[in-house]
Amino acid sequence: MKQPNDRDLALTRRLQALQQLNIMDSEPEQAFDDITAIAASILGMPIALISLLDDSRQWFKSKVGLDVCETPIGSAFCAHAILSDALMEVSDAREDARFAENPLVLGEPHIRFYAGVPLSSPGGTRLGTLCVIDSVPRQLDTKQRQLLISLAHLIEQLLMLRQEIRSNEERQRQLVEQQTINQQLLDSVVEGVVACDAQGNLTLFNNTAQQWHGGNIMDLAPDQWARYYHLFDADGTTPLLVEHIPLLRALRGETVRNVGMCIQAAGQPPRFIEANGGQLSTPQGHLIGAVVVMHDVTERRRMDLLKRNFVASVSHELRTPLTSISGAISLVQSGTTGPLSVAAEKMLGIAQLNSKRLNQMINDLLDIERLESGQMHLISRVQPLLPIIRTACEINQSYATEFSVRLELDEPAADHEVIIDANRILQVMDNYLSNAIKFSPAASKVVVQVELLPDRIQVNVVDQGSGIAEKDQPRLFQRFSQLESASRRSGGTGLGLSITRELITRMGGETGVVSIPGQGARFWFSLPLAEATTDSPVH
């Protein structure tokens, strides 16, 4: 007669424990749903599950971000996780031999990241896991792992309480206990957490939220929240409109991500926060409320302000002496102080070139500072785009000649009107054209194309340079980002393309690059066509 092995014994104990708990295929319970909602929200995961395993399937007692209620045990990551008492973390399932061919990796929900903590019955039998899942590779930090373990311990306490439930009175007592445990867990979180029910009644302020708001939950209508809790827009001065309150936006179904606001509780300095959150729903899709997690960004905001002020101050202090230096060099080059030797002319030429480069760097730094502080005001009008593109090509023609590059404009059959600030479009074209010319070989050409799309007009600047690797392209429009070879050749600040993107975005357009190494590059921007012509400014 075949003797049962350790795995068979573990399965038998697990099935007995599940039967004692009477939990498989049971109705949803708010206490479990709260935990998966907290895990998904605080850890920033699209999927969070409480998974229990019998002999043929893994069944989800609670789930966030997944439609199915169960999956076959053969494809269950949790079947591996319950083999140990420790948290199991898979950073990228495609790179793990155990899961690379798993149907849940190859198909929906396309699992890449998985982290699961085993859940044990009151008697110590492993029943399943609390797990979080993402479709992109990632890794938890120490605090996140500890939070997931703490939540798993909380579920185990719930399982213990469930086993003790025998009457309605006992069930009510356990619910009260669970609310207390949930509150204690939330109170240990440094972020502020607030929640409301489906009717918009406040139901949760953790300790941090109470401190930040200067009080606890009050029985207030949503249109009184901003006044009572002293809520303001991210500028710190404009009272927050009720429709802009992050918790109400989440309740309406919006996905709230890094929404800024300011809390000015009595007796406290203004506190600037960023809010993230969304709706809370039952597995059947019934709305039960919303939750928002708030992160204090006051110190980060203060440091950003110091940085902007420093950049602006230094830039302004440099501009005056730099203008004097440049003017003095021009006077000496003109022969005002007497004839110059060939060597002196060469040295002065280098000095003047570096003076212009430094001045451009200062201008870029000031533009970034104005864009960040909201002090750059665009004076946009409805006007034809082609004349501005022609002017930009004419301005950069001498620069192209200096590099022995031919600059061509491929004009469309007809011009079209857009809503733009002409001077800023010239600045954008200068950035695109100067880069294309600098990185083009001698005797090559740079072509400017103007294309009409269904509801937009697109400008392409095409060069015949060495091209840009695909892995480097996403960095091109980031601030202070330069490719190594580009940095050596141009000596710029790495701000030009970042400024370009910001300016085009503010005019309602888009930017991008298409390039294959060895085949040149095409930098483009597109703008929406004007719906109607008007002579009045559009700010």
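Residues numbered from 1 in each chain as written. Predicted model: local features only at pLDDT ≥ 70, side-chain atom pairs only at ≥ 80, totals over all residues. Heavy atoms only, no water.

Caption draft 1: The arrangement of the overall build of the chain in detail. Within the chain one finds 16 helices and 19 strands. The burial tally for the chain puts 44% of its 539 residues in the buried class. Element-wise, carbon and sulfur atoms account for 53% of the exposed surface of the chain, whose accessible area totals about 28,000 Å². (Helix = DSSP H or I, 4+ residues; strand = E, 2+ residues; numbered from the N terminus. Buried < 20%, exposed > 50% of the residue type's maximum accessible area, 1.4 Å probe, protein only. Areas by Shrake-Rupley, 256 points an atom, 1.4 Å probe, with all protein chains shown as cover.)

Caption draft 2: Here's a closer look at the packing of aromatic side chains. All told, the structure shown has 8 aromatic pairs when counted by the stated rule. Centre to centre, the rings of Y432 and F525 are 6.2 Å apart; their planes meet at 40 degrees, and the pair counts as tilted. One end of the pair, Y432, is in helix 14 (residues 422-438); the other, F525, is in strand 19 (residues 521-528), and 93 residues separate them in sequence. Among the aromatic residues, those joined into a cluster by ring pairs are Y432, F477, F523 and F525. Over the ring of F272 we find R301; its NZ or CZ atom is 3.8 Å from the centre of that ring. (Phe/Tyr/Trp six-rings, centres within 6.5 Å; stacked < 30°, edge-to-face > 60°. Lys NZ or Arg CZ within 6 Å of the ring centre and 35° of its normal.)

Caption draft 3: Focus on unusual backbone geometry. A cis amide bond, omega 5 degrees, links E108 with the succeeding residue P109. Among the secondary structure elements, P109 is positioned in the loop between helix 4 (103-106) and strand 5 (113-120). For H110, which is not a glycine, the phi torsion comes out positive at approximately 55 degrees. Residue placement: H110 occurs in the loop between helix 4 and strand 5. Take H110: its relative accessible area is 30%, and that puts it in the partly exposed class. A positive phi angle is found at H230, which is not glycine, with a value near 60 degrees.

Caption draft 4: Quick peek at the sheet that holds strand 14 (residues 406-410). Strand order in the open sheet formed by 5 strands is 14-16-17-19-18, with mixed pairing between adjacent strands. For this open sheet the edge positions go to strand 14 and strand 18 (510-515), each flanked by a neighbour on one side alone. Neighbour to neighbour, the strand axes of the sheet diverge by 15 degrees on average, direction disregarded. The pairing of strand 14 with strand 16 (residues 445-452) spans 5 bridges and is parallel. (Pairing = 2+ DSSP bridges. Axes fitted to C-alpha atoms, helices over the stretch in contact; angles between N-to-C directions.)

Caption draft 5: Fine view of the packing of helix 2 (residues 30-43) against helix 5 (residues 142-164). Where helix 2 meets helix 5, the axes come as close as 10 Å, and the angle between the chain directions of the two elements is 175 degrees. Here helix 5 runs roughly antiparallel to helix 2, going by the angle between their axes. Mapping the contact onto sequence places A31, F32, I35, A39, I42 and L43 in helix 2 and Q144, L147, L148, L151, L154, I155, L158 and L159 in helix 5. Of the residues belonging to the contact of helix 2 with helix 5, the class tally is 13 nonpolar, 1 polar and no charged. (Parallel < 35°, antiparallel > 145°, perpendicular 65-115°, else oblique. Contact = heavy atoms within 4.5 Å. Nonpolar A, V, L, I, M, F, W, Y, C, P; charged D, E, K, R; others polar.)

Caption draft 6: Layout of the sheet that holds strand 6 (residues 126-134). Within the open sheet, the 6 strands sit side by side as 3-2-1-6-5-4. Their pairing is antiparallel. Two strands bound the open sheet, and with one partner strand each, they are strand 3 (70-72) and strand 4 (88-90). Here the strands of the sheet are splayed against their neighbours by 25 degrees on average, with no regard to which way each runs. Relative to strand 6, helix 1 (residues 6-21) is tilted by about 85 degrees, and along the sheet it contacts strand 1 (47-53) and strand 6. Along the sheet, helix 5 contacts strand 1, strand 2 (57-64), strand 4, strand 5 and strand 6; its crossing angle with strand 5, the most-contacted strand, is approximately 35 degrees.

Caption draft 7: Spatial organisation of the packing of helix 14 against helix 16 (residues 496-506). Interaxial distance between helix 14 and helix 16 falls to 10 Å at its minimum, and their mutual angle equals 145 degrees. As for the relative orientation of helix 14 and helix 16, their crossing is left-handed in sense. Counted together, R424, I425, Q427, V428, N431, Y432 and N435 of helix 14 and G496, L497, I499, T500, L503 and I504 of helix 16 form the full contact between these two elements. For the contact of helix 14 with helix 16, a count of residues per class yields 7 nonpolar, 5 polar and 1 charged. (Left-handed = near helix turned anticlockwise from the far one by under 90°.)

Caption draft 8: Region of the structure containing the pattern of salt bridges. Applying the stated criterion to the full structure yields 20 salt bridges. A salt bridge links R271 to D296; its shortest N-O distance comes to 2.8 Å. Here R271, found in strand 11 (residues 271-281), pairs with D296, found in strand 12 (residues 287-296); they are 25 residues apart in sequence, far enough to count as distant. We note a salt bridge from K471 to D472, for which the minimum N-O separation is 3.3 Å. Classification of K471 by relative accessible area gives exposed; the value is 68%. (Salt bridge = Lys/Arg side-chain N within 4 Å of Asp/Glu carboxyl O.)

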